[in-house]
Amino acid sequence: MDLTLSSEELAFRDGVRALIRRTFPSGEAYRAAEHEGRWHAALLDRGWAANKWPVAFGGPGWTATQHFIWERETTAAGLPAQVGGMGMGMLAPILFAYGSPEQQKRFLPDILHNRVRWCQGYSEPGAGSDLASLRTRAVLEDDHYVVTGEKIWTSNAHEADWMFCLTRTADEPKRQAGITFLLLDMRTPGVEVHPLVSIDGRHMFNRVTFDAVRTPVENRIGREGEGWTVAKGLLTHERTGQAFVSLSQSLLRRIREAADALPGTRGGSLLQDPGFASRLNWAEIELEALAITELRTLSEVAAGGAPGNQSSLLKLKGTDIVQRMTEFFVECAGPYTAPWFPEVAGLAGSVGPDWAQPEMVRYLEGRAASIAGGTDEVQRNIIAKHVLRL
């Protein structure tokens, strides 16, 4: 695998940078929610909104290296690689693989144009890492499924229009059997969303309850009882996206800038402190190894393969590294991190460097990275069983 960019790839990179400059000529704060619509419009106009979709469904047909470049450049600019959330990045690949032509025609255009927001209904109070223990029941009555139960830690359910959901339609000796993948309209009577405020003070997670919620049979993806197969396909895409390589590389650059401006314990800057520099350099080495592993995985996908069990390797190591990067920022800020705890943030005023606030929030948010999408323990079990054959 040649890691040197060709002239065509360099031209593509320059085109990406030019698109970002044209869309945000004044260097606005890209992460602000009000700019998402402008970025999405620019992607649609350029034909890059569905950049991870197959050509048959409107994707641009990028190579693995082009995807690699795109992720790096957009992350460095503080922009999302795709707009459309879980619908774009998680449900769309499932519709490509398992959806009927009618379902693809019905749901994909709204996902592409970001007209419908989706959330994921997987985890339950008694079925998180052990997802096969889920108990939300779907009973077939005529041409509808009647769904009763609850989901938890449902990201952005309070803003979602639809949910893709795992339900139990039969009790089988093998728990993975008897699970069915359904699409639910969140406005259906019987759906209630209960907020869960996380440690960083944000309302992103929710508990969602279903009281005899009816959804048509036509909203089932795949066959009844084969939802586990669909779910595994979705999780490989989610876990590959949770390698956080681009984010960690962006954080690493900013950590070096921050540490170079802070005093160390032996004179000079914190970046020149041998202990700090050694730990940061080791993290950078691991990050570069992860980046090459991600690029290798993208190459296999581009050749017609699937992320497979490598997604667990990427997810496990990626979350470890991104958590360490946020810890470096907290170490840099030292006592100036205290004002950014949610319970005292409104009392402290402007104290310390400006970058301390968002990085403290990111540190708190990042504690969940080793749980979301499958815990570290689950990833290690998958690697041991399916990669190492133990």
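Basis of the calculations
- Residues numbered from 1 in each chain as written.
- Predicted model: local features only at pLDDT ≥ 70, side-chain atom pairs only at ≥ 80, totals over all residues.
- Heavy atoms only, no water.
- Salt bridge = Lys/Arg side-chain N within 4 Å of Asp/Glu carboxyl O.
- Helix = DSSP H or I, 4+ residues; strand = E, 2+ residues; numbered from the N terminus.
- Buried < 20%, exposed > 50% of the residue type's maximum accessible area, 1.4 Å probe, protein only.
- Pairing = 2+ DSSP bridges.
- pLDDT = per-residue confidence, 0-100.
- Phe/Tyr/Trp six-rings, centres within 6.5 Å; stacked < 30°, edge-to-face > 60°.
- Axes fitted to C-alpha atoms, helices over the stretch in contact; angles between N-to-C directions.
- Parallel < 35°, antiparallel > 145°, perpendicular 65-115°, else oblique.
- Left-handed = near helix turned anticlockwise from the far one by under 90°.
- Contact = heavy atoms within 4.5 Å.
- Arc of directions from axis to C-beta.

1. A short note on the pattern of salt bridges
Pairs may arise between side chains of opposite charge once their charged atoms sit close together.
So, point 1. According to the stated counting rule, one finds 20 salt bridges in the structure shown.
So, point 2. The residue Glu71 makes a salt bridge to Lys52 at a minimum N-O spacing of 3.1 Å. Of the two residues, Glu71 is situated in helix 3 (residues 64-76) and Lys52 in the loop between helix 2 (36-46) and helix 3; the sequence distance between them amounts to 19 residues.
So, point 3. On the accessibility criterion, Lys52 (46% relative accessible area) is partly exposed.

2. Quick word on the pairing of strand 3 (residues 144-151)
So, point 1. Where strand 2 (residues 137-141) lies against strand 3, five bridges are found, and the strand directions are antiparallel. Paired with Ala138 across the two strands is Val147, which belongs to strand 3.
So, point 2. Counting the residues that bridge the hairpin from strand 2 to strand 3 gives two residues, and of these Asp142 lies at a positive phi of roughly 60°.

3. Things to note about the confidence of the model for the chain
So, point 1. This prediction gives the chain a mean pLDDT of 86; 88% of its residues lie at or above 70.
So, point 2. Between the elements of the chain, mean pLDDT differs from a low of 50, seen in helix 10 (residues 345-348), to a high of 98, seen in strand 3.

4. What to know about unusual backbone geometry
So, point 1. At Ala212, a residue that is not glycine, the phi angle is positive and equals roughly 55°.
So, point 2. Locating Ala212 in the fold gives a position in strand 7 (residues 203-216).
So, point 3. Of note, the phi angle at Arg389 is positive, near 60°, even though the residue is not glycine.
So, point 4. The topology assignment puts Arg389 in the segment after helix 12 (376-387).
So, point 5. A residue is classified by how much of its surface remains accessible, and Arg389, at 65% relative accessible area, is exposed.

5. What about the packing of aromatic side chains?
Any aromatic ring pair is given by two values, namely how distant the centres are and how the planes are angled relative to each other.
So, point 1. Inspection of the entire model under this criterion finds 16 aromatic pairs.
So, point 2. Taking the centre distance of 5.6 Å and the plane angle of 35° together, the rings of Trp118 and Trp162 count as tilted. Highlighted residues: Trp118 in strand 1 (residues 118-121) and Trp162 in strand 4 (residues 162-168), separated in sequence by 44 residues.
So, point 3. Measuring from centroid to centroid gives 6.4 Å for Trp118 and Phe164, while their planes differ by 40°, and the two rings are tilted.

6. Some remarks on the packing of helix 7 (residues 245-260) against helix 9 (residues 310-333)
So, point 1. Packing of helix 7 against helix 9 brings their axes to within 10 Å, and their N-to-C directions diverge by 20°. By the angle between their axes, helix 7 is roughly parallel relative to helix 9. In the crossing of helix 7 with helix 9, the sense of the turn from one axis to the other is left-handed. Seen from helix 7, the contacting residues are Leu247, Ser248, Leu251, Leu252, Arg254, Ile255, Ala258 and Ala259; seen from helix 9, they are Ile321, Val322, Met325, Thr326, Phe328, Phe329 and Cys332.

7. A short note on helix 2
So, point 1. For helix 2, the set of buried residues is Trp39, His40, Ala42 and Leu43. The arc that holds the buried residues of helix 2, viewed along the axis, is 160°, so those residues lie on one side.
So, point 2. Tucked inside the fold, the buried residues of helix 2 contact helix 1 (7-23), helix 3 and helix 5 (101-112).
So, point 3. Following helix 2 by one or two positions, Gly47 has its phi on the positive side, about 80°.

8. Brief notes about the side chain of Thr375
So, point 1. Tracing the backbone through its elements, the reader meets Thr375 in the loop between helix 11 (356-366) and helix 12.
So, point 2. Not counting the four nearest positions on each side in its chain, Thr375 is found in contact with Ser129 and Ser370.

9. Some thoughts on the environment of Arg367
So, point 1. By secondary structure assignment, the location of Arg367 is in the loop between helix 11 and helix 12.
So, point 2. We classify Arg367 as partly exposed; its relative accessible area is 28%.
So, point 3. Arg367 sits 48 residues away from Thr319 along the chain, and the two C-alpha atoms are 9.2 Å apart.
So, point 4. Dropping the residues within four chain positions of it, Arg367 is found in contact with Gln323, Thr326 and Glu327.

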